[in-house]
Amino acid sequence: GCTHVILPSPLICEREDEAQLQADWLEAGIRAAEELEIGQPLLATVALHEQVINDASFGAAGLLDAIVDQTVTRGNLDGVYIVIAQTGAAHPFDTSVRVLSAYKHLASGFAGAGMEIVLTNFADVFGVACMGIGASAVATGCSQSLRRLSLSAFRDEGGGIALPYLYSHRVVAEFATQDDLDLLVARRALRVARDETVHS
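Owing to the predicted nature of the structure, the values given are computational and were not obtained by experimental measurement.

Conventions adopted
- Residues numbered from 1 in each chain as written.
- Predicted model: local features only at pLDDT ≥ 70, side-chain atom pairs only at ≥ 80, totals over all residues.
- Heavy atoms only, no water.
- Helix = DSSP H or I, 4+ residues; strand = E, 2+ residues; numbered from the N terminus.
- Buried < 20%, exposed > 50% of the residue type's maximum accessible area, 1.4 Å probe, protein only.
- Polar contact = N/O pair within 3.5 Å; in protein donor to acceptor, adjacent residues only side chain to side chain.
- Expected span 1.5 Å × (residues − 1).
- Contact = heavy atoms within 4.5 Å.
- Salt bridge = Lys/Arg side-chain N within 4 Å of Asp/Glu carboxyl O.
- Core = buried A, V, L, I, M, F, W, Y, C linked by side-chain atoms within 4.5 Å.

1. As for the environment of Asp55
With respect to the helices and strands, Asp55 occurs in the loop between β2 (42-49) and α2 (63-72). For Asp55, a relative accessible area of 60% gives the class exposed. Taking the C-alpha atoms as reference points, Asp55 and Arg98, separated by 43 residues in sequence, lie 8.5 Å from one another. Side chain to side chain, Asp55 and Arg98 meet in a polar contact 2.7 Å long.

Quick look at the structure:
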């Protein structure tokens, strides 16, 4: 029942050898889709870690242009799925300029190269801005850890499960489920932050 198939690819964490690894994964994914007679549009995953993005990455024939070139030359691809993993787990609105610039560069590069579908994820509201420069769609999540791809956000230092924040649109704030919500209940102020959505 899915509308598209996103081909998996490893996270690019080093500039030197990972481009060939991504190419190998793309070829294997395309081959598997043909063997399985997949009828849905195929999207190539472009997954970068922010540590590989430096000033030279944005230049002509830099890393980002090389990724665009090597992806669009593959046959049988209908689009691309772009994600950039970040080092820190700060609020999504605090995303570094370099990461946002990479989203912008890749979205406009793929659109300019003729990719029909350019989908960004984990760029939060900046994904909407990417639609103004060539992206055809944006994905985001309902919680802070799902609105950006930060590996440290998925680690819980103290052991046990990692608890999500509750976002309340009424007060435009996020509340820690164990500390903040208990405090709101104790002060009989839960109604202030109460926000009826499909997720809360």
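Next comes the rest of the description.
2. Focus on helix α3 (residues 97-112)
Three or four residues apart is the spacing at which side chains of an α-helix point the same way, because the helix has 3.6 residues per turn. With 16 residues, α3 should cover 22 Å at 1.5 Å per step; its first-to-last C-alpha distance of 22 Å lies within 8% of that length. Every buried residue belonging to α3 is among Val99, Ala102, Tyr103, His105, Leu106, Ala107 and Phe110, and all of these are buried. Elements that come into contact with the buried residues of α3 comprise β2, α2, β3 (79-86), β4 (117-121) and α4 (126-131).

3. Observations concerning the pattern of salt bridges
The full count for this structure, using the stated rule, is 2 salt bridges. For Arg98, the salt bridge is made with Asp55, and the minimal N-O distance between the two is 2.7 Å. Of this pair, Arg98 sits in helix α3 while Asp55 sits in the loop between β2 and α2, and the two are 43 residues apart along the sequence.

4. So, the side chain of Gln70
By secondary structure assignment, the location of Gln70 is in helix α2. Residue Gln70 is classed as buried on the basis of its relative accessible area, which comes to 16%. Looking at Gln70, its side chain comes within polar contact range of the side chain of Gln22, at 2.9 Å. When sequence neighbours within four positions are dropped, the list of residues in contact with Gln70 reads Ala19, Gln22 and Ala23.

5. Considering unusual backbone geometry
Positive phi values are uncommon outside glycine, yet Glu37 reaches one of about 55°. As for its position among the elements, Glu37 is in the loop between α1 (18-35) and β2.

6. Section: the nonpolar core
Leu48, Leu77, Tyr103, Leu106, Phe110 and Val118 are the most contacted members of the largest nonpolar core, which has 39 residues in total. Listing elements by their share of this core, those giving two or more residues are α1, β2, α2, β3, α3 and β4. Those residues in contact with Val118 that lie beyond four places of it in its chain are Val80, Ile82, Ala107, Phe110, Ala111, Gly134, Ala135, Ser136 and Ala137.

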